[in-house]
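# Notes for the structure review
As a plain string of letters, each chain reads:
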Amino acid sequence: MRRRLIAGNWKMHSTPDETESFISRFLPLIGSAEADAAIFPPFTSLDRAGRLLRSSDVRLGAQDVYFEAKGAFTGAVSPGMLVACGCRYVLVGHSERRHTFGDDDPIVRRKLDATLSGGLDPVLCMGETIEERRAGATFDVLEAQLIAALRKLPPDLFSRVVIAYEPVWAIGTGETATPEQAEEVSAWIRARVGAAFGAPAAERIRILYGGSVKPDNARSLLTLPNVDGALVGGASLDPEGFAAIISAGVR
Ligand code: PGA
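An account of the accompanying structure is given in this report. (Residues numbered from 1 in each chain as written. Predicted model: local features only at pLDDT ≥ 70, side-chain atom pairs only at ≥ 80, totals over all residues. Heavy atoms only, no water.)

Burial along strand E8 (residues 229-232) is two-sided: the residues Gly-229 and Leu-231 and Ala-230 and Val-232 are all buried. Relative to E8, strand E1 (residues 4-9) runs parallel, the two sharing four bridges. Paired with Ala-7 across the bridge in E8 is Leu-231. In the sheet, strand E7 (residues 206-210) pairs with E8 via two bridges, with the strands oriented parallel. For Gly-210, the partnering residue across the bridge sits in E8 and is Leu-231. With helix H11 (residues 215-222) bridging E7 and the parallel E8, this β-α-β connection has right-handed handedness. (Buried < 20%, exposed > 50% of the residue type's maximum accessible area, 1.4 Å probe, protein only. Helix = DSSP H or I, 4+ residues; strand = E, 2+ residues; numbered from the N terminus. Pairing = 2+ DSSP bridges. Right-handed = clockwise from strand over helix to strand, strands pointing away.)

As structure tokens, then:
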């Protein structure tokens, strides 16, 4: 049985003090749930969050990473720096990185490789725009994103990858994929992984859904057979709401 992962992507929200106050309200709300919980605050809060979460079960992730270890790369943050802050995960290929910051498929691949070789687990995000969905191109888009990010990845590294299906039209819009849409795409991703990496890898990989997940729709999405968790944006900024989403994900 795959263990659920509920991840909170805070985007560009929360100072270190605000992060500390979130954590102090959040930790008492979550028991030793049968789901993994993780938060992804901005870079500037990671060190503080890492210290505060050290003796808890809540995991820490970063929203981005650069693919070099060190050097003259102004503004960039390396995998080693994230490990030193206590991170376990990194979001790779989030739609806002792809569309606002120009992270194209080759860059996403380099970041995924650097994440893995740096000892962090990537949460590879992928999804189609509304135009692509209307044109019936959803699976072509996902196929291209999957191949670019994962082609020829050695199986031992692949086993550390988490995939998040996030339809671009559902991110931050309040519009959620229907359970049928989320299940259809997640099942397709699992089958595609099976074809490329074998049935055991497909059975093991965690596939998350992201896009306007809220406490009131979490249960309908998190109880789908091929959805193993959620990547939550806006609703993860509220400790009570995020804790409610985590409880909805316990099988
Ligand atoms: P949202 O964001 O939950 O605010 O739609 C999801 C995401 O971008 O990961």
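Turning our attention to the site of the ligand. Taken together, 13 residues lie near the ligand, and Lys-11, His-94, Glu-166, Gly-172 and Ser-212 sit nearest. Separating an oxygen atom of the ligand from a backbone N or O atom of Gly-172 is a distance of 2.6 Å. Contacts to the ligand include Ser-212, whose backbone N or O atom sits 2.8 Å from an oxygen atom. Taken together, the residues that form the shell around the ligand break down as four nonpolar, seven polar and two charged. (Near = heavy atom within 4 Å. Polar contact = N/O pair within 3.5 Å; in protein donor to acceptor, adjacent residues only side chain to side chain. Nonpolar A, V, L, I, M, F, W, Y, C, P; charged D, E, K, R; others polar.)

Another aspect to go through is the pairing of strand E3 (residues 59-62). As defined by bridge partners, strand E2 (residues 35-40) adjoins E3 across two bridges and the pair is classed as parallel. By the bridge assignment for E3, Ile-39 is matched with Leu-60. Assessed by its sense of winding, the connection that carries the chain from E2 through helix H2 (residues 43-53) to E3 is right-handed. Of the strand pairs in this sheet, E3 and strand E4 (residues 89-92) are connected by two bridges, and their pairing is parallel. The residue of E4 that forms the bridge with Gly-61 is Tyr-89. The parallel pair E3 and E4, bridged by helix H3 (residues 79-84), forms a crossover whose chirality is right-handed.

With that settled, consider the sheet that holds E2. One closed barrel accounts for eight strands, arranged E1-E2-E3-E4-E5-E6-E7-E8; its pairing is parallel. On average, each strand axis in the sheet is inclined to that of its neighbour by 25 degrees, with strand direction left out of account. Its contacts with the sheet put helix H5 (residues 105-117) on E4 and strand E5 (121-126), and the angle it makes with E5 is roughly 160 degrees. (Axes fitted to C-alpha atoms, helices over the stretch in contact; angles between N-to-C directions. Contact = heavy atoms within 4.5 Å.)

The next subject is the nonpolar core. Of all hydrophobic cores here, the largest spans 61 residues; its most connected members are Leu-82, Leu-150, Ile-163 and Tyr-209. Per element, the largest residue contribution to this core is five residues, and it comes from helix H12 (residues 239-248). With twelve residues, the next largest nonpolar core counts Leu-5, Ala-7, Phe-40 and Tyr-89 among its residues. (Core = buried A, V, L, I, M, F, W, Y, C linked by side-chain atoms within 4.5 Å.)

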